[in-house]
Structures are given as C-alpha cells and as structure tokens.
Amino acid sequence: MELGATYIRIVALLALQLLIFAPPPGTAQQIDVASQRIDDLRINVVAITATWADGQTVKFGFGIIVAEKNGELYIATANHVVRGSSPGEIASALAVRFFDDRDDHAGHLRGDADPALDLAVLTVKKPPGFYWRRDALSPAAEVPEVNSSVWFIGRDATWYHPEQPGLVTQLLPKQGRIEAKQPEVRVGTSGGPLLSRGGIVAMVIVDTGSAVLAAVDIGKIRAAFQTRNLPWDLFALDALAKFADCAECPSMVYIPGGKFDMGGTETNEKPVRQVSVLPFAIGAKEVSLKEWELCLRSNGCSKLPADKDYREFQSDNQPVVGVSWNDAKAYVTWLSRMTNEKYRLPSEAEWEFAARAGTTTRNFWDGATDDICKYANILDQTGWQVFAKNYPVGSPRPWMTVSQQDMKSLQPAQCSDGYVWTAPVGSYNTNQYGLFDTIGNVAEWVEDCYLETYEGAPIDGSAWNEIGCQQHSARGASWFSTLPVVSSARRGGREQSYKSQALGFRVARDLH
C-alpha cells in the first residue's frame with residue numbers, strides 16, 4: 001500500500017491535536033438521577049410571602065415558574081396562599097424570592113384564578129441574568145402511579161427537598177389530583193411542585209403537616225392556563241429521546257440542559273466556571289459524508305477536497321472531513337431551510353455539556369486506558385503499527401519531521417480498534433446521553449469565536465461571537481489524537497477557512 005502524502009500531512013494534524021491539552025483527572029461522581037434532577041429544578045421554584053392589609057395576616061407558600069413573556073415571569077401557585085376564604089379577600093402585598101437570591105421582588109396577582117383547582121397566577125419582573133428551566137415537566141414515562149416515588153420542593157420558606165421520597169397513595173384523575181404520604185411535608189409547602197424522578201408532575205395544594213399531601217396535576221394547570229390565553233413554556237423531554245426531522249436528516253438527541261463546571265487546568269481552558277445550558281438538541285453522530293453529499297446535490301454545500309490525501313476518507317458512513325467552519329455553516333443553513341427548523345452549530349458550552357453527559361471526570365467513560373478502544377477512535381495500536389512499519393527510523397517521512405523516538409512519546413493507546421483513519425460514525429459506545437464519537441474520530445467545529453482563555457466568556461450557554469473574528473473553536477479529539485490530549489475539556493481554534501482530514505462537525509437544533 002503506498003503511503004507517502006496519502007498518509008496525511010501530520011504536521012498539521014499534530015498541530016490540531018496540540019490545540020488542546022489534557023484536563024485534570026476528575027473524581028468519579030455517580031449522582032442519583034432523581035436527586036440531581038430535583039436539585040436542577042429548584043431554580044423554577046419561588047418562595048411567596050403574602051401579607052394582608054391589616055399587617056397581621058401573613059401566609060407563606062411557594063410557586064412554580066411556568067412561562068416568560070415580555071420580561072415578566074408567570075407563576076402558578078395555590079390560590080389559598082394569596083387569597084382568603086371570603087370572596088374578594090386577597091393579599092395586599094406579595095413578596096417573591098428566587099432561588100439563591102436574598103432580595104424580595106414584588107409579585108402581582110392576576111385575575112385568572114381557578115378556585116376549583118386552587119390555582120392562582122401571579123407575575124413578577126424577571127431579575128437580570130436569571131436562568132430557569134423550561135424542560136421541567138416529567139416525561140410521560142415518569143407519570144406517577146400508586147406506590148411510586150415522589151418528592152416535593154419547598155418547606156419553611158427554603159428550597160428544601162427530602163432525600164427520601166414519599167409514596168403516591170391515591171390518584172383521582174377526574175379531579176386531577178394526586179395524594180401522597182410524605183412524613184417531611186409541613187404547612188407552608190402549598191404552591192410548590194410535586195416531582196417524580198423525571199420532573200414536575202403536580203402542584204401541592206394541601207399541606208396539613210400530617211404527613212399527607214395533595215396536589216393538582218400539572219396537566220390540569222396547563223389546561224387552565226391555555227383556556228385563559230396565558231403563556232405556558234414548560235415542556236417535557238422524553239429523557240434523551242432520539243428523533244429526526246426527515247428520513248435523510250441527522251439523528252438528533254434531546255439534551256435536557258442544566259448547569260455544569262466548564263473548563264480544565266490548561267490556560268485555554270481557564271477559568272473554570274459554572275455555565276447554564278438551556279435545553280437543545282444535538283446530533284447523535286458526526287455528520288457523515290452521505291449526509292453532506294445530499295446537501296451538495298441540493299446545491300447547498302460545496303465540493304470537498306479531491307486530492308489524494310483524502311482518498312482514505314470517502315466511505316458514505318465515515319464522518320465528513322475537509323470541511324471548513326464556513327462549510328459547516330453552509331450545511332446547517334441548508335438543513336434549516338429544508339426542514340423549517342433552526343439548525344446550527346453547537347456552542348462550546350453546549351458541546352462540552354453534551355460531551356460530559358453529567359460526568360466530571362476527564363472522559364465520559366471513566367475507565368482504564370486499555371478500554372479506550374470501546375469508546376473512542378484515537379491513535380491506537382492499529383494506526384501505530386501502520387505508521388511504524390512504513391516509516392522506520394531514518395526513513396524519509398515527507399509528512400512528518402520528528403524522529404521515531406519522538407513518535408514513541410506520542411503514547412498511542414494500548415488497544416486496537418481496527419481503524420487506521422476515521423471509523424464509520426456510530427462505531428463505538430455512546431456516552432451517557434447517547435452520543436457517539438464526542439471523543440475521537442474527528443474533532444468538531446462549534447459556533448464560537450476562539451479566544452485564548454474563557455475570561456469574559458458567556459455563562460448562559462450561548463456562543464461567544466465577536467464581529468470580525470477569524471478563528472473559530474474546534475472541540476473533541478480525532479483519529480490521530482493520543483492519550484495525553486484526549487478529554488472532554490479539550491479545545492482549540494483554527495481559521496474559519498481551515499480544512500483537515502481530522503476535522504468535521506455535528507449539528508445542533510433549537511427546541512420550540
């Protein structure tokens with residue numbers, strides 16, 4: 001087999017792999033799914049203090065943020081928290097507190113109550129920079145049944161939630177009510193959410209303090225909002241479900257969003273900071289050559305490089321390579337036009353959130369290095385034997401100027417996956433979010449401009465864009481990356497016209 005220039009100009013590939021260095025080793029963190037989900041959703045819960053005109057009558061409760069419109073947050077709460085037993089008896093002042101915020105904000109009661117559901121609606125101005133979760137509802141698969149586990153958020157004017165769940169004791173579908181036994185419930189929990197493992201299923205309306213609570217089904221509350229033409233933004237993601245907008249479109253995965261610590265110890269990975277990511281969808285796999293060629297035939301994309309350095313990368317199911325950032329943008333523009341959906345490149349924050357998939361370790365598999373061939377296509381013994389066999393010490397290597405000894409320092413993985421170059425997309429085990437090849441195969445363009453550190457970078461999950469920037473970020477590792485540089489934090493930048501046999505992309509999509 002003739003190698004020569006076909007074996008890639010690895011000087012460029014080495015430069016690409018050195019864009020990013022290995023992040024710090026992490027500590028395995030096995031988080032209970034229900035506990036993490038409930039922690040994440042505390043941001044959707046507000047504490048309410050209702051004060052009457054006499055100055056003596058004060059009630060405490062909670063509310064659930066369900067929508068946002070024109071800078072106002074819409075909050076569902078229990079009617080009895082803000083109204084008295086007599087008609088027209090309402091609190092004269094409503095103070096609303098947000099999670100992790102000590103300040104009180106003025107709430108405004110709307111005239112859209114549903115006494116039969118014990119539902120009231122109030123609005124409050126959204127604080128600057130405030131983030132909340134729209135994907136808060138429990139998926140259909142998590143609807144509670146009798147004897148299933150449920151939790152609540154909110155007690156004693158704090159965002160307390162019990163470690164041990166309560167149990168559903170009765171379902172009353174006609175009334176839209178759920179009753180549960182929970183020893184830790186107290187008076188003052190009304191208006192707070194009742195949750196299954198997957199998210200919010202109801203709003204607490206009875207909190208007698210006798211270890212029994214009752215709640216109104218969140219579907220009934222949504223219906224009440226909709227019949228009153230009130231906004232409603234909450235939705236459920238069927239946990240990491242896959243979908244495609246057309247037969248030829250990339251397979252997508254719903255990503256629930258949340259907060260995570262982004263970055264690592266290398267200079268371009270600092271400072272590590274907590275970033276919030278809204279729900280979005282991302283490609284389960286890297287865009288394949290077959291998917292690219294559909295865009296090409298539709299005149300939405302340009303022809304790929306045809307020189308001999310690319311002849312090992314021509315299989316339909318291999319990831320498309322030889323694409324610049326501009327090319328990747330052309331593809332998502334075409335895909336958006338074809339589907340009437342908003343496709344785009346993921347932001348760096350979205351990419352890392354999806355790649356980490358809830359882990360805090362160096363890589364999502366958190367296993368021994370000899371397991372890496374199950375999870376990632378990087379430089380392993382398959383590729384190493386080909387390189388070493390065809391380029392012994394002292395032989396001319398037009399594509400590489402380092403010595404054989406230097407090559408040994410690259411530390412190929414001590415396993416073999418059978419692929420020298422790129423592997424067909426989806427050939428390895430997925431991460432915990434069901435995504436293939438977030439580490440290895442090809443590095444991936446993302447939306448952001450590339451800057452040398454994260455200083456001043458957005459913390460809301462959005463892309464970091466600057467007018468006139470010429471370099472854009474690439475994330476992940478490639479088939480020629482070696483163990484020291486393989487990590488979820490790895491990042492680097494290239495000119496937006498740059499093309500490589502080790503660089504491709506995957507798509508993201510907005511959710512409605």
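Our structure's up above, just so we're on the same page.
Just so it is clear, the structure is predicted and the values come from calculations on it, not from any experiment. (Residues numbered from 1 in each chain as written. Predicted model: local features only at pLDDT ≥ 70, side-chain atom pairs only at ≥ 80, totals over all residues. Heavy atoms only, no water.)

Student: Can you help me understand the side chain of Ser347 in this one?
Tutor: With respect to the element layout, Ser347 can be found in the loop between β18 (343-344) and α7 (348-356). Engagement of the side chain of Ser347 in a polar contact is seen with the backbone oxygen of Gly461, the distance being 2.7 Å. Those residues in contact with Ser347 that sit more than four places away from it in its chain are Val446, Glu447, Asp448, Gly461, Ser462 and Ala463. (Helix = DSSP H or I, 4+ residues; strand = E, 2+ residues; numbered from the N terminus. Polar contact = N/O pair within 3.5 Å; in protein donor to acceptor, adjacent residues only side chain to side chain. Contact = heavy atoms within 4.5 Å.)

Student: Honestly, the pairing of strand β12 (residues 212-217) in this entry has me stumped. Any pointers?
Tutor: Side chains on a regular strand alternate between the two faces of the sheet. In terms of strand pairing, strand β9 (residues 177-181) meets β12 through five bridges, oriented antiparallel. Opposite Lys181, over in β12, you have Val212 as the bridge partner. Note: strand β11 (residues 199-207) against β12, five bridges, orientation antiparallel. Residue Asp207 lies in a different strand from β12, and its bridge partner there is Leu213. (Pairing = 2+ DSSP bridges.)

Student: Looking at this structure, how should I read the sheet that holds β12?
Tutor: Where strands meet in a sheet, backbone hydrogen bonds hold them as pairs that are either parallel or antiparallel. Around the barrel, which closes on itself, the six strands sit in the order β7-β8-β9-β12-β11-β10 with antiparallel pairing between neighbours. Sheet twist, expressed as the mean angle between neighbouring strand axes with direction ignored, is 45°. Contacting β11 and β12, helix α4 (residues 218-227) crosses the sheet at an angle of about 40° to β12. (Axes fitted to C-alpha atoms, helices over the stretch in contact; angles between N-to-C directions.)

Student: Explain the layout of surface pockets here, please?
Tutor: By rolling a water-sized probe across the atoms, one finds the places where empty space is left. Looking at the second largest pocket, its volume works out to about 700 Å³. If you trace the second largest pocket, you find 33 residues lining it, with Tyr131, Ser276, Val277, Leu278 and Asp460 closest to the centre. If you tally residues by element for the lining of the second largest pocket, the top one is strand β16 (residues 273-277), at four residues. The residue inventory of the lining of the second largest pocket, partitioned by class, reads 16 nonpolar, seven polar and ten charged. (1 Å grid on protein atoms, 1.4 Å probe; cavity = no way out; pocket = protein on both sides within 12 Å on 5 of 7 lines; lining within 4 Å. Points joined across faces, edges and corners; volume = space filled by probe spheres on them. Nonpolar A, V, L, I, M, F, W, Y, C, P; charged D, E, K, R; others polar.)

Student: Honestly, the environment of Ala355 in this entry has me stumped. Any pointers?
Tutor: If you trace the backbone, Ala355 turns up in helix α7. Of the residues examined, Ala355 reaches a relative accessible area of 1% and is grouped as buried. Considering only alpha carbons, one finds Ala355 and Ser488, 133 residues apart in sequence, at a separation of 6.2 Å. Contacts of Ala355, omitting those with residues within four sequence positions, involve Phe364, Asn431, Thr438 and Ser488. (Buried < 20%, exposed > 50% of the residue type's maximum accessible area, 1.4 Å probe, protein only.)

Student: I keep staring at the state of the cysteines and nothing clicks. Help me out?
Tutor: Here a disulfide denotes one covalent bond, and it connects the sulfur atoms of two cysteines. Considering all chains together, one arrives at four disulfides under this definition. Linked covalently through their sulfurs, Cys295 and Cys301 form a disulfide whose S-S length is 1.9 Å. Handedness here is read from the sign of the S-S torsion; for Cys295 and Cys301, about 85°, the answer is right-handed. The same class applies to Cys295 as to Cys301, namely buried. In this model Cys449 forms its disulfide with Cys469; the gap between the sulfur atoms is 2.0 Å. Its S-S torsion of about -75° marks the bond between Cys449 and Cys469 as left-handed, since a negative value means left-handed. Of this pair, Cys449 sits in strand β19 (residues 443-449) while Cys469 sits in the loop between β19 and β20 (471-475), placing them 20 residues apart in sequence. (Disulfide = S-S within 2.5 Å.)

Student: Would you mind going over the nonpolar core with me for this structure?
Tutor: Here is a general trend for soluble globular proteins: nonpolar side chains tend to be buried in one another's company. Within the largest apolar cluster, 53 residues are counted, with the highest numbers of intra-cluster contacts made by Val66, Ile221 and Phe225. Setting aside anything within four residues of it in sequence, one finds Ile221 in contact with Ala76, Leu119, Met203, Val216 and Trp232. Formed by 29 residues, the second largest nonpolar core is a distinct cluster that contains Cys295, Trp334, Leu335 and Ala443. (Core = buried A, V, L, I, M, F, W, Y, C linked by side-chain atoms within 4.5 Å.)

Student: Just checking my understanding: could you explain the sheet that holds strand β21 (residues 491-495) for this structure?
Tutor: Strand order in this open sheet of four strands is β21-β20-β19-β22, and the pairing throughout is mixed. For this open sheet the edge positions go to β21 and β22 (503-505), each flanked by a neighbour on one side alone. When the angles between neighbouring strand axes are averaged without regard to direction, this sheet yields 50°. Both β20 and β21 contribute to a ladder of five bridges, which runs antiparallel. In the sheet register, Ala474 faces β21, and the bridge partner there is Gly492. Against the sheet, α7 makes contact with β19, β20 and β21, and its axis sits at roughly 140° relative to β19, the strand it touches most.

Student: Please explain the pattern of salt bridges as it appears in this structure.
Tutor: Two side chains that carry opposite charge are able to pair once their charged atoms sit near each other. The full count for this structure, using the stated rule, is 21 salt bridges. For Glu341, the salt bridge identified is with Arg509, shortest N-O distance 3.9 Å. Note that Glu341 is positioned in the loop between α6 (325-339) and β18 and Arg509 in strand β23 (residues 508-509), a separation of 168 residues in sequence. Given the relative accessible area of 6%, Arg509 is considered buried. For Arg491, the salt bridge identified is with Glu348, shortest N-O distance 3.0 Å. Within this pair, whereas Arg491 is found in strand β21, its partner Glu348 is found in helix α7, the two being separated by 143 residues in sequence. As far as burial versus exposure is concerned, Arg491 and Glu348 are alike and both buried. Through salt bridges that share partners, Glu348, Glu352, Arg356, Arg475 and Arg491 make up one connected network. (Salt bridge = Lys/Arg side-chain N within 4 Å of Asp/Glu carboxyl O.)

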